[in-house]
Amino acid sequence: MEHIKIKNGFSLVELTIAMGISGILALTTVSFLNMQTKFNKDLQTKVGVTSLHSEISYFLQSSEGCKANIIGKNITSFPINLTSLNDSGATQIYSLNKIYGAERTQITSMQLTGFSSDITEGVKDIGYLTLNLSYTEGENTTSRPVKMLVAVEDQSGNDIVTDCLGAAPDPWVTAAGSIQTIAQLGIGVTAPTKAVET
């Protein structure tokens, strides 16, 4: 009698090879997902900082924001530390170490760091005043400047900011000279980001 071998199922070698290939594919997928998650978190951080910085730049480049926070400052020596940015009614709009937006961005430092005079007009020097802002979101820290065109006068040996003249550069002014709002630019915010209560 002849025995017929019937093959049912897979051999141990075939199962081992299939499991190895499946393991390699699973490891590759998990590695890719971890890398994608880190990339998305980094991108979200950059968007949060950029959005808050744009809002602050726009606020300081407006006459209300500049006049409420910059006029009257003695800029004889730098750096000058600020703890908050207020509206004309002295209400804090932005302040240090508060958390802003869904991305949980914090302003960790606000320093007036320099004035470069471009024009002298009578007793006034006209130039750019730089405010450096430092932001923290998670473990990431970023510093970005805001430049404002101001007039400075010498008053009893002190350089005092006497007028806000505009922004440098002002991305919200078109070539025709008309001012655009952030909403018109499509950035998506028309009011300052509210601080998140912790």
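One structure accompanies this document, and this report is about it. (Residues numbered from 1 in each chain as written. Predicted model: local features only at pLDDT ≥ 70, side-chain atom pairs only at ≥ 80, totals over all residues. Heavy atoms only, no water.)

## Observations regarding a nonpolar patch on the surface
Move 1: A cluster of nonpolar residues, Val13, Ile17, Ile21 and Leu25, forms a patch on the protein surface that exposes about 410 Å² of accessible area.
Move 2: Checked against the element boundaries, Ile17 lands in helix 1 (residues 12-61).
Move 3: On the basis of relative accessible area, Ile17 is assigned to the exposed category, the value being 51%. (Patch = residues over 30% accessible without salt bridge, like charges linked within 9 Å, V, L, I, M, F, W, Y side chains within 5 Å. Areas by Shrake-Rupley, 256 points an atom, 1.4 Å probe, with all protein chains shown as cover. Salt bridge = Lys/Arg side-chain N within 4 Å of Asp/Glu carboxyl O. Helix = DSSP H or I, 4+ residues; strand = E, 2+ residues; numbered from the N terminus. Buried < 20%, exposed > 50% of the residue type's maximum accessible area, 1.4 Å probe, protein only.)

## Description of the state of the cysteines
When the sulfur atoms of two cysteines share a covalent bond, that bond is a disulfide.
Move 1: Summed over all chains, the structure comprises one disulfide.
Move 2: Each sulfur in the disulfide pair Cys66 and Cys164 lies 1.8 Å from the other. Disulfide Cys66-Cys164: torsion about the S-S bond near -80 degrees, hence left-handed. Within this pair, whereas Cys66 is found in helix 2 (residues 63-69), its partner Cys164 is found in strand 8 (residues 158-167), the two being separated by 98 residues in sequence.
Move 3: Relative accessible area serves as the criterion here: at 14%, Cys164 is assigned to the buried category. (Disulfide = S-S within 2.5 Å.)

## Things to note about the pairing of strand 3 (residues 92-95)
Move 1: Bridge analysis of strand 2 (residues 84-86) against strand 3 gives three bridges, and the strand direction is antiparallel. Of the residues in strand 3, the one forming a bridge with Asn86 is Gln92.
Move 2: As consecutive antiparallel partners, strand 2 and strand 3 are separated by five residues, and within that stretch Ala90 has a phi angle of approximately 65 degrees, a positive value. (Pairing = 2+ DSSP bridges.)

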